[in-house]
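Residue-level listing of the chains:
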2 protein chains.
Amino acid sequence: MPAAVKNKIAGFMNSLIELARDDPRRVIHSLKVGIALSFVSVFYYYQPLYDDFGVSAMWAVMTVVVVSEFSVGATLGKGLNRGMATLLAGALGIGAHHVANQFGHAGEPFVIGFFVFMLAAVTTFVRFIPGVKARYDYGLLIFILTFSFVSVSGYRDDEILDVAQKRVSTIMIGASVCVIVSIALFPVWAGEDLHYLIALNLEKLGNFLEGFGDEYFQDQESKTEDLASTLQDTPVSVRAKIKEPGTKMSRECGRALKEMSTAIKAMCQPCASDVHIEASKAAAKGLNSLLKSGIWEGIDLLQVTPVATVASLLIDVVNCTEKIADAVAELASKAEFKRLSDGAPSPEKLVRRGHVAITVEESNMNNRASDE
Amino acid sequence: MPAAVKNKIAGFMNSLIELARDDPRRVIHSLKVGIALSFVSVFYYYQPLYDDFGVSAMWAVMTVVVVSEFSVGATLGKGLNRGMATLLAGALGIGAHHVANQFGHAGEPFVIGFFVFMLAAVTTFVRFIPGVKARYDYGLLIFILTFSFVSVSGYRDDEILDVAQKRVSTIMIGASVCVIVSIALFPVWAGEDLHYLIALNLEKLGNFLEGFGDEYFQDQESKTEDLASTLQDTPVSVRAKIKEPGTKMSRECGRALKEMSTAIKAMCQPCASDVHIEASKAAAKGLNSLLKSGIWEGIDLLQVTPVATVASLLIDVVNCTEKIADAVAELASKAEFKRLSDGAPSPEKLVRRGHVAITVEESNMNNRASDE
């Protein structure tokens, strides 16, 4: 085997292993699809079931392949889409067959052809509506498919009602198998993912902000050392002057977000985040008055603009963090998060972890919390 | 009928009419799907064809419903995906059936079940790879489906080869009908859409920039009149000072982009865009030296930051417009756009349309163009 092909295969296998390690539920989902599919195959193998359903059993196989989705909600959604579309289209198809029957054996193909043409064209056009496409695209596809099948095959099949009934029941069985397997074996709930994702994103944002101040101002200092000869030394001084409040704002916001993330993860009331937010607001006030004191006199405007932008963005970040804290507090009260006395870490512990001295703001915060 | 339902229906009809007016090709596409579907229904109605294919004819119906896509390329892609997946899975399914046959009628279901389970699980897992999902998701679905069908129904069907061959040929016929209808009747080429879209986006961007300068500085002036009492009057003066070069930069960039858009639409060499770019570069130089002259002394930094940001963004816009012009020039030479002498408007006409005086830069531009 040439080395290039070997490398490609090795890369492919590595990406598979990484996918599995990244989220082991993917492996479980794959096995679940296999199990559901093997299960509906029994309709072919087991003689009494085959006597009942015959070749219609393949509709169960098809349904399982198409309906199986990663999360329980998506599987239910696709199953309902498929079930409703099949029922509706099947009923319409039988109706079309009966209407066409009135035109005799010679006229029937033309009438059925006209119905199929009209329904396919209209439904295809409806699929262009963005809102419909997002929610019912799959159902509309199945609708066209089933209507065409039932009405067209009705031309050859005299027992059209019997065929339609068998089809609908195997599809229902296939969809039920999917939903049962999806819920019974290691179910994946999209809501759980969302909960975890919110906590994770808050934590990521918090980590970023906690490190950003140090990183940005340090980075700027080392850069400006290199460029000292080409730059005027005043921007440097502007940066140095706003370094202290800027770093503090960013760090305190980051810590507040991380506290909230921990609280959401554990579903308990966030406690120390308000302390951090008060600290960051105090720093923001300091920065604001510093910027008004005219520290940038005589500096090239274009050179000082990036620093000024960072400063004004940090002030915005403080405001946004406060809004997030309000939203988290609302969530905590609506979802009835545990209070700290229920076994969560004590506020002292959290405050110590965050390296924040308990100041007068904390007592304010406590007062406010008891007001609410 | 209650008024609310009436309103809903009216809203739905209006959205349909709007969709059709927005892009009439959507109506044509819907009619095309109807035509293709009616066409493959003939396999059921026409006795000699039905004698050949029997109930397998429904695979053609199914293929048409699923493969029909808006553009020729997407239809081809789905058709190939379906064709390849069906062929491969069909062959594998027949192989699995033969292997399972060796285990006797009692052992066969278990062997087939094991094969189906393994293949479904592995293929489902492969569908998680992002690159594979983007290109072959549909093909892999069909692959699982066909393999399950062929291997499982092989247990009941002794003439499995005959069945498989009929199925493959009807699927091929269905896919061919889709592709032929897609190409023969008012084809939609994605490449054409892209061409049109690039020109349209350049034009939009150009229109925006052409108006932006006037809008922004005028808007600021009227705002500051209202706020005159609360604001220091120096930011106002900074804005007034950069108004002239700022407006010119933005206007000239916008005109250059609009020239390029016209050129791309007509597939002829852009000619006057370089004149506009040179004019905007000259204005940018003026702005740069103006900003260095210390016009913002004694102003609150946070108040002057938005204006400074706009100024520095406008300078970036000039640089970006030049890069776009280079890219368009490369496209024009690679795609062999018409020269102006081939009937496109003369450079003088374009220059007059853009209201740009012919200056020394234009002769530079001509020299540069002949160097390339």
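Positions within a chain are numbered from 1, following the residues in the order the chain's sequence is written. Lettering of chains starts at A and numbering of ligands starts at 1, both following the order in which they are written. In keeping with the predicted nature of the model, local features appear solely for residues at pLDDT of at least 70, side-chain atom pairs appear and are counted solely at 80 or more, and the whole-chain, interface and lining totals rest on all residues. Based on all heavy atoms of the structure, the side-chain values leave hydrogens and waters out of the count.

Spelled out, the test is: UniProt positions are given in the numbering used here, feature names are shortened, and annotations may be inferred rather than shown by experiment.
Per an unreviewed UniProt entry, chain A goes by the name Aluminum-activated malate transporter and belongs to Linum tenue. Listed in UniProt under the heading Subcellular location (unreviewed entry), the comment for chain A reads: "Membrane". The heading Sequence similarities (unreviewed entry) in the UniProt record of chain A holds the text "Belongs to the aromatic acid exporter (TC 2.A.85) family."

**Describing the environment of Val317 of chain B**
All names here are of chain B. Here is the rule we go by: Each helix is a run of DSSP H or I of at least 4 residues and each strand a run of E of at least 2, with the numbering of both proceeding from the N terminus. Whether a residue is buried, partly exposed or exposed follows from its accessible area with a 1.4 Å probe, protein chains only, as a fraction of its type maximum: under 20%, in between, or over 50%, in that order. Between two residues, a contact is recorded if the distance between any of their heavy atoms is within 4.5 Å.
Its location among the elements puts Val317 in helix α12 (residues 301–334). Given the relative accessible area of 24%, Val317 is considered partly exposed. Note: C-alpha distance between Val317 and Val152 (165 residues apart in sequence) is 63 Å. Not counting the four nearest positions on each side in its chain, Val317 is found in contact with Leu209 and Cys253.

**Considerations on the UniProt feature "transmembrane region" (unreviewed entry) in chain A**
Residues and elements named next belong to chain A. Per the UniProt entry, the sites bearing "transmembrane region" (unreviewed entry) are residues 27–47, 53–72, 110–129, 136–156 and 168–190 in this numbering. In the segment residues 53–72, helix accounts for 65% and strand for 0%; the C-alpha atoms at its two ends are 28 Å apart. Split by type, residues 110–129 is 85% helix and 0% strand. Its first and last C-alpha atoms lie 30 Å apart.

**A closer look at unusual backbone geometry**
Despite not being glycine, Met267 of chain A shows a phi value in the positive range, around 55°. Classification of Met267 of chain A as partly exposed rests on a relative accessible area of 37%.

**Comments concerning the pattern of salt bridges**
Pairing between side chains of opposite charge can happen when their charged atoms approach one another. Quick reminder of the rule: What makes a salt bridge here is a side-chain nitrogen of Lys or Arg within 4 Å of a carboxyl oxygen of Asp or Glu, nothing more.
Per the counting criterion, the structure on display carries 20 salt bridges over all chains. Between Asp137 of chain A and Arg127 of chain A there is a salt bridge, and its shortest N-O distance comes to 2.8 Å. One end of the pair, Asp137 of chain A, is in helix α7 (residues 130–153); the other, Arg127 of chain A, is in the loop between α6 (104–126) and α7, with 10 residues separating them in the sequence. A residue is classified by how much of its surface remains accessible, and Arg127 of chain A, at 16% relative accessible area, is buried. A salt bridge links Glu203 of chain B to Lys265 of chain B, with the shortest nitrogen-to-oxygen separation between them at 3.0 Å.

**Comments concerning the nonpolar core**
Our working definition: Residue types Ala, Val, Leu, Ile, Met, Phe, Trp, Tyr and Cys, when buried and joined through side-chain atoms within 4.5 Å, form a set referred to as a nonpolar core.
Judged by nonpolar contacts, the single largest core of 84 residues is most densely connected at Leu37 of chain A together with Leu37 of chain B. Not counting residues up to four positions away in its chain, the partners in contact with Leu37 of chain A are Val61, Val64 and Val65 of chain A together with Val116, Ala120, Ile144 and Ser148 of chain B. Core analysis: the second largest hydrophobic core is formed by 62 residues, Leu209, Val238, Ile264 and Val310 of chain B among them.

**Focus: the packing of aromatic side chains**
As a reminder of what qualifies: Two aromatic rings, drawn from Phe, Tyr or Trp (for Trp, its six-membered ring), form a pair once their centres lie within 6.5 Å of each other, and the interplanar angle then sorts them: stacked below 30 degrees, edge-to-face above 60, tilted otherwise.
According to the stated counting rule, one finds 14 aromatic pairs over all chains in the structure shown. Aromatic pair Trp59 of chain A and Phe149 of chain A: ring centres 5.4 Å apart, planes at 70°, arrangement edge-to-face. Residue Trp59 of chain A is found in helix α4 (residues 57–67), and its partner Phe149 of chain A is found in helix α7; the two are separated by 90 residues along the sequence. In this structure Trp59 of chain A comes out as buried when scored by relative accessible area, which is 5%. Classification of Phe149 of chain A as buried rests on a relative accessible area of 4%. Relative to Phe128 of chain B, the ring of Phe125 of chain B has its centre 6.2 Å away and its plane inclined at 65°; by these criteria the two rings are edge-to-face.

**Describing a nonpolar patch on the surface**
Residue and element names in this part refer to chain A. The test is simple: In this scheme, patches are assembled from residues that exceed 30% relative accessible area and form no salt bridge. Like charges are connected within 9 Å, while nonpolar side chains (Val, Leu, Ile, Met, Phe, Trp, Tyr) are connected within 5 Å. Surface accessibility in these figures is a Shrake-Rupley result with a 1.4 Å probe; residues are shielded only by whichever protein chains are displayed.
Among the surface-exposed residues, Val5, Ile9, Phe12 and Met13 lie close enough to one another that they form a single nonpolar patch of about 330 Å² accessible area. Positionally, Ile9 belongs in helix α1 (residues 3–22). Classification of Ile9 as partly exposed rests on a relative accessible area of 43%.

**With respect to the relation of the copies chain A and chain B**
Going by this rule: A least-squares fit on C-alpha atoms brings the copies together, and the residues used are those whose pLDDT is at least 70 in both copies.
Overlaying chain A on chain B yields an RMSD of 0.1 Å, the required transformation being a rotation through 180° with an accompanying axial translation of 0.0 Å. Such values leave the two copies arranged in the relation of a two-fold axis. Both copies present the same face, since 100% of the interface residues in chain A are matched by interface residues at the equivalent positions in chain B.

**Brief notes about the interface of chain A and chain B**
As a reminder of what qualifies: Summed over both partners, the accessible area (1.4 Å probe) lost when two parts come together is defined as the buried area. What qualifies as a polar contact is a pair of N or O atoms within 3.5 Å, subject to a donor-acceptor requirement within protein and to the restriction that residues adjacent in sequence count only when both atoms come from side chains. Note that Gly is not counted as nonpolar here; it falls among the polar residues with everything else outside the nonpolar set of Ala, Val, Leu, Ile, Met, Phe, Trp, Tyr, Cys and Pro and the charged set of Asp, Glu, Lys and Arg.
At the junction of the two partners, chain A supplies 64 residues and chain B supplies 64 residues. Roughly 6,000 Å² of surface becomes buried between chain A and chain B when both sides are summed, with 78% attributable to carbon and sulfur atoms. Three residues, Tyr45, Arg156 and Leu301 of chain A, lead the burial of chain A against chain B; their summed loss comes to 13% of the area buried on that side. Viewed at the interface, chain B and chain A are joined by 0 salt bridges. Where chain A meets chain B, there are 2 residue pairs in polar contact (both at pLDDT 80 or more). Of all the secondary-structure elements, those providing two or more residues to the side of chain A that touches chain B are α1, α2 (25–45), α3 (47–53), α4, α6, α7, α11 (273–292) and α12 (301–334) of chain A. The greatest single-element share of the side of chain A that touches chain B, amounting to 13 residues, is contributed by α2 of chain A. Considering only residue class, the side of chain A that touches chain B consists of 43 nonpolar, 16 polar and 5 charged.

**Considering the state of the cysteines**
We apply this condition: The disulfide criterion used throughout: a pair of cysteine sulfur atoms within 2.5 Å.
Considering all chains together, one arrives at 0 disulfides over all chains under this definition. The structure places no disulfide on Cys268 of chain A, whose sulfur is separated from the nearest cysteine sulfur, that of Cys271 of chain A, by 6.9 Å.

**Notes on the layout of surface pockets**
Summary: where empty space remains is shown by rolling a probe the size of a single water molecule over the atoms. Note the cut-off: In this analysis the probe radius is 1.4 Å and the grid spacing 1 Å, with only protein atoms considered; a cavity is a set of points the probe fits into but cannot get out of, a pocket is an open set with protein on both sides within 12 Å along at least five of seven lines, and lining residues have an atom within 4 Å of a point. Grid points are joined across faces, edges and corners, and a volume is the space filled by probe spheres set on the points.
If you add up the space inside the largest pocket, you get close to 990 Å³. Along the walls of the largest pocket sit 40 residues, with Lys78, Asp137, Tyr138 and Leu141 of chain A together with Lys78 of chain B positioned nearest its centre. For the lining of the largest pocket, the per-class residue count stands at 19 nonpolar, 8 polar and 13 charged.

**With respect to the packing of α7 of chain A against helix α2 (residues 25–45) of chain B**
Going by this rule: Only the contacting stretch of a helix is used when fitting its axis, a line to C-alpha atoms as for every element, and angles between N-to-C directions run 0 to 180 degrees. For classification purposes, an angle smaller than 35 degrees is called roughly parallel, one larger than 145 roughly antiparallel, one from 65 to 115 roughly perpendicular, and anything else oblique. Handedness of a crossing is defined here by the sense of rotation of the near helix relative to the far one, left-handed for an anticlockwise turn of less than a right angle and right-handed for a clockwise turn.
Where α7 of chain A meets α2 of chain B, the closest approach of the two axes is 10 Å, and the angle between their N-to-C directions is 30°. Taken together, α7 of chain A and α2 of chain B sit at an angle that is classed as roughly parallel. Here the hand of the crossing between α7 of chain A and α2 of chain B comes out right-handed. For the pair formed by α7 of chain A and α2 of chain B, the contact residues are Ile144, Ser148, Val152 and Ser153 of chain A on the first element and Leu37, Ser41, Tyr44 and Tyr45 of chain B on the second.

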